[in-house]
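Chains, contacts and geometry: an overview
Chain by chain, the residues run as shown.
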Amino acid sequence: MTWSDMQPLLAQGTVDTLYMVLWSTVVTVLVGLPLGILLVLTDKGGLLQNAVVNKVVGVIVNIGRSLPFMILLIALIPFTTWVVGTFIGPTAMIVPLSVGAVPFFARLVETAVREVDHGLVEAVQSMGGSIPTIVRKVLLPQALPSLVSGVTTTVIVLVGYSAMAGAVGGEGLGSKAVTYGYQRFDNQFMLATVVLLVVIVSVIQLIGDLVVRLLARRGRATT
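About the thresholds
- Residues numbered from 1 in each chain as written.
- Predicted model: local features only at pLDDT ≥ 70, side-chain atom pairs only at ≥ 80, totals over all residues.
- Heavy atoms only, no water.
- Helix = DSSP H or I, 4+ residues; strand = E, 2+ residues; numbered from the N terminus.
- Areas by Shrake-Rupley, 256 points an atom, 1.4 Å probe, with all protein chains shown as cover.
- Lys, Arg positive; Asp, Glu negative; His and termini not counted.
- Charge placed at Lys NZ, Arg CZ, Asp CG, Glu CD.
- 1 Å grid on protein atoms, 1.4 Å probe; cavity = no way out; pocket = protein on both sides within 12 Å on 5 of 7 lines; lining within 4 Å.
- Points joined across faces, edges and corners; volume = space filled by probe spheres on them.
- Axes fitted to C-alpha atoms, helices over the stretch in contact; angles between N-to-C directions.
- Parallel < 35°, antiparallel > 145°, perpendicular 65-115°, else oblique.
- Left-handed = near helix turned anticlockwise from the far one by under 90°.
- Contact = heavy atoms within 4.5 Å.
- Nonpolar A, V, L, I, M, F, W, Y, C, P; charged D, E, K, R; others polar.
- Expected span 1.5 Å × (residues − 1).
- Bend = angle between axes of the 7 residues up to and from the residue.
- Buried < 20%, exposed > 50% of the residue type's maximum accessible area, 1.4 Å probe, protein only.
- Arc of directions from axis to C-beta.
- Salt bridge = Lys/Arg side-chain N within 4 Å of Asp/Glu carboxyl O.
- Core = buried A, V, L, I, M, F, W, Y, C linked by side-chain atoms within 4.5 Å.

Before going further, it helps to examine the overall build of the chain. Scanning the chain for helices and strands turns up nine helices and zero strands. Put simply, the chain runs from its N terminus to its C terminus through helices and strands in the order α-α-α-α-α-α-α-α-α. If one aligns the C-alpha atoms of the chain with their principal axes, the spans along those axes are about 70 × 40 × 25 Å. Here the chain displays about 12,000 Å² of accessible surface, and carbon together with sulfur accounts for 68% of that area. A distance of 8 Å separates the average location of the 13 positive side-chain charges in the chain from that of its 10 negative side-chain charges.

Let's shift gears to empty space enclosed by the protein. On inspection of all chains with the given rule, the structure shows one cavity of 30 Å³ or more. In this structure, the largest cavity occupies an estimated 30 Å³ of space. Lining the largest cavity are Leu73, Ile77, Thr80, Phe87, Met93, Pro96 and Val168. Those elements that provide at least two residues to the lining of the largest cavity are helix H4 (77–84) and helix H5 (90–114).

Turning next to the environment of Leu214. As for its position among the elements, Leu214 is in helix H9 (residues 187–222). Sequence separation between Leu214 and Pro145 is 69 residues, and the spatial gap between their C-alpha atoms is 8.6 Å.

Attention shifts here to the packing of H4 against H5. Interhelical geometry of H4 versus H5 gives an angle of 125° and a closest axis separation of 9 Å. Classed by the angle they form, the pair H4 and H5 counts as oblique. Of the two possible hands of crossing, H4 and H5 adopt the one that is right-handed. Mapping the contact onto sequence places Phe79, Thr80, Val83 and Val84 in H4 and Thr91, Ala92, Val95 and Pro96 in H5. Split into classes, the residues belonging to the contact of H4 with H5 amount to six nonpolar, two polar and no charged.

If you check H5, its first and last C-alpha atoms are 35 Å apart, about what 25 residues at 1.5 Å a residue would give, namely 36 Å. Along its length, H5 shows its largest kink, about 30°, at Val102, and proline Pro103 lies within four residues downstream of that point. The element H5 is extensively covered by neighbouring structure, given that 19 of its 25 residues are classed as buried.

This part is about helix H2 (residues 51–66). Spanning 16 residues, H2 covers 22 Å between terminal C-alpha atoms, matching the ideal 22 Å at 1.5 Å per step. Looking only at H2, the buried set comprises Asn54, Val57, Gly58, Val61 and Gly64. Along the axis of H2, the buried positions cluster into a sector of 125°, meaning they face one direction only. Of the residues in H2, the exposed ones pointing more than 90 degrees away from the buried face are Ala51, Val52, Lys55, Ile60 and Ser66.

Per the counting criterion, the structure on display carries four salt bridges. In this structure, the salt-bridge partner of Glu110 is Arg107, at a minimum N-O distance of 2.6 Å. Taken together, the residues Glu110 and Arg107, both in helix H5 and three residues apart, mark about one turn of the helix. The buried category is assigned to Glu110, whose relative accessible area is 11%.

For the rest of this paragraph, the subject is the nonpolar core. One finds Leu10, Phe69, Met93, Leu97 and Leu158 to be the most contacted residues of the largest nonpolar core, which totals 23 residues. Sorting the residues of this core by element identifies helix H1 (3–41), helix H3 (69–75), H5, helix H7 (131–165) and H9 as the ones contributing at least two each. Ignoring sequence-local partners within four residues, the contact set of Phe69 consists of Pro96, Leu97, Tyr161, Met164 and Ala165.

Listed below in structure tokens is the structure:
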């Protein structure tokens, strides 16, 4: 296959991959962020200490993290079909990608929020601050650099997941690599998809690290 033949395929694969990763990241953050905060708040000594809720949420998160993504992808085919109307295509893959990434990101959020100085929480609490205020004014701002780092890690994981999703009709670079590289024994095309994936991951990591450094620098400047 010539470079002119590969270009439109690689371009479409890249667009599909970025589409899947972008929207699954949005869903993952919207669901995983409150889930991770809930794990901290309901833990022993937390502001909403509740052993039952903490245990149930923890078990659900652990089960989600323990399942290999390929098995999860296949197991969720009926659910994906119910939600989207099909289990094939980049839009359909947003469902399993999000389900697979939410537990992973929730644990990263939990770790980041636990690092916040408890003295700051107690100070706001002593001034009559409500739990939503403490979360909004203390926990999230103080944990922001770690949260951004967690989002960066999650996005990179989702890029890898999206490549695997290509083997089950998910489109994207993974699908193109299987169809036009592996099945046709085209090593040049396989190499091109690998290079593109490496470039995407490298750019994501670079941007994430830059944002984390800026946030950390701003945090030091305000203290």
